[in-house]
Each structure stands twice: as C-alpha cells, then as structure tokens.
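# An overview of the molecular structure
Below, each chain spelled out in residue letters.
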Amino acid sequence: MTDGLPEMTSLERTALYKSLGNPLRRRILDYLGRHGEANSTVLARELGESSGTTSYHLRKLAEQQLIEEIPEKSGGRERWWRVLPFRHTTPDPAAMAPEEYAAAAGLARLKIEFDTALYRRAHEEYRGPEGWAQIQRHGGWMTREELLAFMRDYHALLERYGHPREEAPDGARPVLMRFYALPEPVGEWNGEPTGP
C-alpha cells in the first residue's frame, strides 16, 4: 500500500526508519505537531538542546519531506518550520533488505514502548463511555478480504472525523489512536500458519 504516494526505495525507507527512530527528531516532530510551527531557537529552548543541534535535525527532517520551511515567516538566518502531512505503510518484512529490516525493527521497538505507555494511560484516564479516553476490545470471525475491507473503512473514518491542526474546530484536541488486528494463534487454519 503506497497511500497514493510515490513508492519508496529500500534505501529511502531505511533512512526514514532511522530518522523516525532518532529520539530528538521524534521530539521535534511531536513539538511541531502539537504547536504547529517553531524555529531552531524555540526548539532548543523547549527541548533542552543547542540551536545548532536542532537546526541540523530540522534540515535532516526537511530532506525527508517530513517538515517544510514556512517561507512567509523565515528570513535571513531565522527559519521557521511546520510538519507536512505524512502516511506510510511498512512493507512485508520478508521483502526488506537486512539493513532496512533492522531499522524498521528498531523503530517498532520504540513504538511498542510508547504504545504500551499510551495503553496504560488510556486505562488510567478512562472516565466512562462519554469521556475523552476510550478503550475498546473486540473479536469476531473475518476473512482476510473482510479484514482488508475493514482496514480501508477504518482509514476512511479517520479521514472523515480527523482534521489537520489548522482546520480543527473549536474544542478539538489532538487524539492518539492505535489499532491492531491479528488472527487467533490456532496453529494452522486451512493450511495457513496463524501463530507461533
């Protein structure tokens, strides 16, 4: 799945996974996502780094088209940045080159740590079915085709109800959502292995 974007090469994906796995770059992207824009000086102050360091990482993020300069706010040596819309689906690990797989696995470990903490937080902050924190767990029987159709509908729902930061209505908050789907580990199903 390319999400309508040009297909990335293995080298480009490797660089992307390494970049997204860099703790400071992740913090920069998080800050820009929450605040909309910043320059290297603001990021240095907020993240406890030097402006030279944040400037370097901003340039690297821009090279990968994860952020862009805001021309109307930039002038001379002062450059302001904002995040770009981004969506990426990781390919089948069996099709990855070894270095790409290692970079993707490293990034996955960071995501799992973050998502585990997020899951705990969702339980701690749950205030009932009308609150901001929502937790749902479901199971059922699906064919692979039905699961893939469900995923397409899930993406459509995210597009329908989600807003870019600059278009969000009053009262909107950034919401972190995660979705996982996998078959029960029954050993084998119709000749296809489904578990360890």
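Residues numbered from 1 in each chain as written. Predicted model: local features only at pLDDT ≥ 70, side-chain atom pairs only at ≥ 80, totals over all residues. Heavy atoms only, no water.

## Some remarks on the packing of aromatic side chains
Scanning the model with the defined rule gives two aromatic pairs in all. Taken together, the aromatic side chains of Phe 150, Tyr 154 and Phe 179 make up a single cluster linked through ring pairs. Over the ring of Trp 80 we find Lys 73, and its NZ or CZ is 4.0 Å from the ring centre. The cationic tip of Arg 173 hangs over the ring face of Trp 132; the distance from NZ or CZ to the ring centre is 4.8 Å. (Phe/Tyr/Trp six-rings, centres within 6.5 Å; stacked < 30°, edge-to-face > 60°. Lys NZ or Arg CZ within 6 Å of the ring centre and 35° of its normal.)

## Considerations on the packing of helix H1 (residues 10-20) against helix H5 (residues 98-125)
Interhelical geometry of H1 versus H5 gives an angle of 25° and a closest axis separation of 8 Å. When the interaxial angle is binned, H1 and H5 end up roughly parallel. Like other packed secondary-structure pairs, H1 and H5 cross with a definite hand, here left-handed. Between H1, through Ser 10, Arg 13, Thr 14, Tyr 17, Lys 18 and Leu 20, and H5, the contact on the second element is made entirely by Glu 99, Glu 100, Ala 103, Ala 104 and Leu 107. Of the residues in the contact of H1 with H5, the class split is five nonpolar, two polar and four charged. (Axes fitted to C-alpha atoms, helices over the stretch in contact; angles between N-to-C directions. Helix = DSSP H or I, 4+ residues; strand = E, 2+ residues; numbered from the N terminus. Parallel < 35°, antiparallel > 145°, perpendicular 65-115°, else oblique. Left-handed = near helix turned anticlockwise from the far one by under 90°. Contact = heavy atoms within 4.5 Å. Nonpolar A, V, L, I, M, F, W, Y, C, P; charged D, E, K, R; others polar.)

## Observations regarding the confidence of the model for the protein
On average, residues of the protein score 88 in pLDDT, and 91% of them reach the 70 mark or higher. The weakest mean pLDDT in the protein belongs to strand E4 (residues 188-189) at 59; the strongest belongs to helix H3 (residues 40-47) at 95. (pLDDT = per-residue confidence, 0-100.)

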